[in-house]
Amino acid sequence: MEEKMGEVISKTHEEASCSDSQDSETNPNTKTQTQTQSLDPVGFIGKSLNDTLKSTILGSKWTPEKGKFSFPLTHGRRYNVAWEDKFNWLRYSPSTDSAFCAPCIAFGECKSSGGYSDKFSSSGMKDWKNAVGAKRGTFLIHQESSGHKDALLKSSNFLQIIEGGENIKCSISKAYEDNIKKNQQIILNIIDVIVVMGQRNIPLRGHIKLG
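Residues numbered from 1 in each chain as written. Predicted model: local features only at pLDDT ≥ 70, side-chain atom pairs only at ≥ 80, totals over all residues. Heavy atoms only, no water.

Where an unreviewed UniProt entry is consulted, the chain appears under the name TTF-type domain-containing protein, with the organism given as Mytilus edulis.

Here is the structure:
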């Protein structure tokens, strides 16, 4: 029974693998669709993000293929990818036609009294008419919010650690290990001194006599 069950499971895996391979060959858009889903900011919201996911949302973004995607119209306006040059924290979601903030998604919600900032880490912002502007520019209002600045600082520190090839735990562990080695060497030096003094019958006392 177990051998038969194993054969069934093995066959199922082979069929699934074969099916996936055929899908990729018959549908050239499969890879593109997978990449789109993996970089869509909506997929990062409401989850407990590990270092890999944080690094992905902060360091990567979805970009449309030229000639294959047109940003939808919303009240006569549409998302402008050129905005990302000025606001590099912007992440566009092709599934919801809305904009998000990468640092705020990675390091908590950013709220403001104006009600703008929290959208960038929850439901998304799609008021393209008021997206930019000196007075009512939603992007600028969010960028100047204290919550965003705090998330941006945390993101910067996080990326510095990741790009250095170490995560926070490794950094702490290494510092702890270095401190232990330093203390061990100090103890060994003291022991060596005591041994030498004992061999030469030198008393363990200083130059000053008390009493």
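Let's pick the thread back up.
1. Considerations on unusual backbone geometry
Positive phi, close to 55°, is recorded for His75, a residue that is not glycine. Here His75 shows up in the loop between helix H3 (51-59) and helix H4 (83-86). Relative accessible area serves as the criterion here: at 82%, His75 is assigned to the exposed category. Phi at Asn201 is positive, roughly 55°, even though this residue is not glycine. Here Asn201 is to be found in the segment after helix H8 (168-199). (Helix = DSSP H or I, 4+ residues; strand = E, 2+ residues; numbered from the N terminus. Buried < 20%, exposed > 50% of the residue type's maximum accessible area, 1.4 Å probe, protein only.)

2. Quick word on a nonpolar patch on the surface
On the surface, a nonpolar cluster with roughly 380 Å² of combined accessible area is contributed by Ile186, Ile190, Ile194 and Leu204. With respect to the element layout, Leu204 can be found in the segment after H8. On the basis of relative accessibility, which here comes to 62%, the residue Leu204 falls in the exposed class. (Patch = residues over 30% accessible without salt bridge, like charges linked within 9 Å, V, L, I, M, F, W, Y side chains within 5 Å. Areas by Shrake-Rupley, 256 points an atom, 1.4 Å probe, with all protein chains shown as cover. Salt bridge = Lys/Arg side-chain N within 4 Å of Asp/Glu carboxyl O.)

3. Quick word on helix H7 (residues 146-163)
Across its 18 residues, H7 extends 26 Å between first and last C-alpha, which sits within 8% of the 26 Å expected from 1.5 Å per residue. The set of residues buried in H7 consists of Gly147, His148, Ala151, Ser155 and Phe158. Angular distribution of buried residues about the axis of H7 spans 90°; they occupy a single face of the element. Opposite its buried face, H7 presents the exposed residues Ser146, Leu153 and Gln160, each directed more than 90 degrees away. Close packing links the buried residues of H7 with H3, strand E2 (98-101), helix H5 (102-106) and helix H6 (138-143). (Expected span 1.5 Å × (residues − 1). Arc of directions from axis to C-beta. Contact = heavy atoms within 4.5 Å.)

4. Thoughts on the side chain of Glu84
Topologically, Glu84 is positioned in helix H4. Among the residues examined, Glu84 registers a relative accessible area of 6% and is labelled buried. When near neighbours in sequence (up to four residues on either side) are disregarded, Glu84 contacts Lys61, Tyr79, Leu90 and Tyr92.

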